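# Fold and geometry: a report
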Amino acid sequence: MKSRKIIFITSLTILVIFTFGFVVSKSDIYFDISKNLELFGKVYKEISFNYVDDIDPQAFMRAGIVGMLSKLDPYTVFIDEKNQDDIDLLTNGKYGGVGISIGIRNEKVTILEVMDGYSAQKQGIRIGDVVTGIGDTEVTPEKIDDISSLVKGEPGTAVQIKILRFSEKDTLLFNLIREEVIVKNLVFADFFPEKSNNVYLKLSNFSRSAGDELRSSLRQLKNKKEIKSIVLDLRGNPGGLLDVAVDICDKFLKKDLLIVSTRGKEEVSEKKYFALEEPLVGNEKLIVLINGNSASASEIVAGAIQDHDRGVILGTQSFGKGLVQTIIPLSFNTSLKITTAKYYTPSGRCIQKIDYSKNNQVIPDPDSLTKNMFSTDNKRVVFSAGGITPDTTVENGIESDLLKDLLAKGAVFNYADKFYYQNVDLDFNKINNEKILKEFKKFLTETDYKYESDVEKKINEVVKHLNDNHNSKEVTKTLEKLSSDVKQMFETEFLESSDEILEELKIELAQRFLGKDGGTLERLKYDKQFTTALQLLKDDKSYSKLLINE
């Protein structure tokens, strides 16, 4: 009896130690937070009051916040007052604006997209127009980050945009009324090729309305004619809302199948998301296109489709973002976007590629994002910790170095402007391919385009090194002559790259003559990944073989 009493007391003591240890541990955390908050506040106050030069208290504090968050992953960020519209756009899929997208082309702030049905399109703003001013503010490439806030505003308010157009000498003034712009997530949905029973879906984002857009489009297309196959294009899609990704999967996966699960710091935080409705397209053949810029919600969709063997994933390795963010409203119209969980595909894999906790002193217990094997429903092997690996890998990049340089320097874009304004009434289908290639080459000469091939760059580096070190002048002269000879290779490279160059010219011109959808369809004609997907969909045996374990 005595020994039992000793055992009981010993067990109770161990329980108390463990419990007390846990309480102390939590207490230590709260004490550390309180202590360091006080220390941070004192440092901030002392420097603000006593530093030799005047300090901007807000900028100084914001710099401290940014510095602190830089020790975590790049998705945990402070969102200030200026960028709250971005949060509204992500969560609601709409904003107050005029319906344009802008970017830098040829060192000028340029209209890259004009959305149908909104103020900019109604009043005649076009792709390629150069923005020189918004209201009383001069616009320059250096101020590109401020332009969005100048154009956006409350629906019903006015904004004046100053434009320089290729064919006009004077500045054009557009007085536009801001409207509620609803951003389309599903930017293309139709049968393509036109006479086939294959549907092509291009999904560019996962904001709030994406699921409804997909549901509506699929119903309309099913009413047109029978859908036998689908190509879902998630290439370049950076992601968005997790619950929207689940909603998208609902359209393809059988009811009650697991789509994704998330796990936070505590074990009890795990959440599982299942398909809640019968799929709109549950049996049709499905191919999902991905690439290195398919991330987050795109990877949730691709991972669920792959793990349940619902369709074939085709393209190149995805980005590898397996982290979930929560947006927490703060005071003074600011927010904190913070990583609160990791997500896991139905097979149990986390596809996060980069371990931001590794070698990080702020995070004392780093994760181990090792590459492990998992199995799909059909027992096919898939891997964690590296994005989504396609079931069949097909590259789709530009092969020509010359074309890459032409695109980077805006030559193709600028020529498309010139050609369009000189041939506004021309039928796009009657454009002579040989003629535009010849004219484009002439355009490059007229605009003093300079191309330096990789070989020429290396020769010039060697020449510079020899000159800097006062080496043999004869060797230098020989290399300089060689560099001059290499310059003549432009003719050869242009000829060898002419097919690729023509493709990009036709795509850019289609955007001008036929609009965004026309540009999309023109690009698909030359798209190796899409073409391979169509061939695979026609080959029942090869398609099925990719989805079974042999």
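An account of the accompanying structure is given in this report. A quick note: this is a predicted structure, and the numbers were derived from the prediction, not measured.

## A few points about unusual backbone geometry
Residue Pro-193 follows Phe-192 across a cis peptide bond; omega there is 0°. Within the secondary structure layout, Pro-193 lies in the loop between strand S10 (186-191) and strand S11 (198-203). With a phi close to 60°, Phe-332 is a non-glycine residue in the positive phi region. Within the secondary structure, Phe-332 is located in the loop between strand S17 (323-329) and strand S18 (335-344). We classify Phe-332 as exposed; its relative accessible area is 72%. In the Ramachandran plot, Ala-385 falls in the positive-phi region, its phi being about 60° despite a non-glycine side chain. Looking at the element boundaries, Ala-385 is found in the loop between strand S20 (381-383) and strand S21 (392-393).

## Re a nonpolar patch on the surface
A surface patch of nonpolar side chains, amounting to about 480 Å² of accessible area, comprises Leu-39, Val-43, Ile-47, Tyr-51 and Val-52. By the secondary structure assignment, Ile-47 is in helix H1 (residues 2-50).

## Digging into the sheet that holds strand S12 (residues 229-233)
Taken in spatial order, the 6 strands of this open sheet run S10-S11-S12-S15-S16-S21, and their pairing is mixed. With partners counted over all chains shown, the strands left at the sheet margins are S10 and S21, one partner each. For S12 and strand S15 (residues 285-290), the ladder comprises 5 bridges, and the chain directions are parallel. Bridge pairing in S15 links Ser-229 to Lys-285. Packed onto the sheet, helix H6 (residues 210-224) meets S10 and S11 and runs at close to 15° relative to S10. Strands in contact with helix H16 (residues 528-538) are S11, S12, S15, strand S16 (312-315) and S21; relative to S15, the strand with the most contacts, it is inclined by about 160°.

## A few points about the pairing of S18
Pairing analysis gives 3 bridges linking strand S1 (residues 77-79) to S18, with the strands arranged antiparallel. Looking across to S18, one finds that Ile-79 is bridged to Ser-335. As judged from the 3 bridges shared by strand S13 (residues 258-263) and S18, these two strands associate in the antiparallel manner. Following the sheet pairing, Ser-261 is matched in S18 by Tyr-344. Two strands pair when backbone bridges link them, and S17 and S18 are joined in this way by 7 bridges, in the antiparallel orientation. By the bridge assignment, Ile-328 is partnered in S18 with Leu-336.

Rules behind the numbers
The residue numbers shown here count from 1 along each chain, following its written sequence. For this predicted model, a pLDDT threshold of at least 70 governs which residues receive local features, and a threshold of 80 or more governs which side-chain atom pairs are given and counted, while totals over whole chains, interfaces and linings are taken from all residues. Side-chain measures here rest on the full set of heavy atoms in the structure, leaving out hydrogens and waters. Comment: elements are numbered from the N terminus, with helices defined as DSSP H or I runs of at least four residues and strands as E runs of at least two. Partly exposed describes any residue whose relative accessible area lies between the buried limit of under 20% and the exposed limit of over 50%, with all areas from a 1.4 Å probe on protein chains only and scaled to the type maximum. Think of a patch as exposed residues, more than 30% relative accessible area, with no salt bridge, where like charges cluster within 9 Å and nonpolar side chains (Val, Leu, Ile, Met, Phe, Trp, Tyr) cluster within 5 Å. With residues, only the protein chains shown are counted as cover, and all accessible areas are computed by Shrake-Rupley using a 1.4 Å probe. Each reported salt bridge corresponds to a side-chain nitrogen of Lys or Arg within 4 Å of a carboxyl oxygen of Asp or Glu. DSSP-based pairing: two strands are paired if at least 2 bridges between them are found. Contact definition: two residues touch when any of their heavy atoms are within 4.5 Å. Fitted lines through C-alpha atoms serve as axes, helices being fitted only where they are in contact, and the angles separating the N-to-C directions of these axes extend from 0 to 180 degrees.

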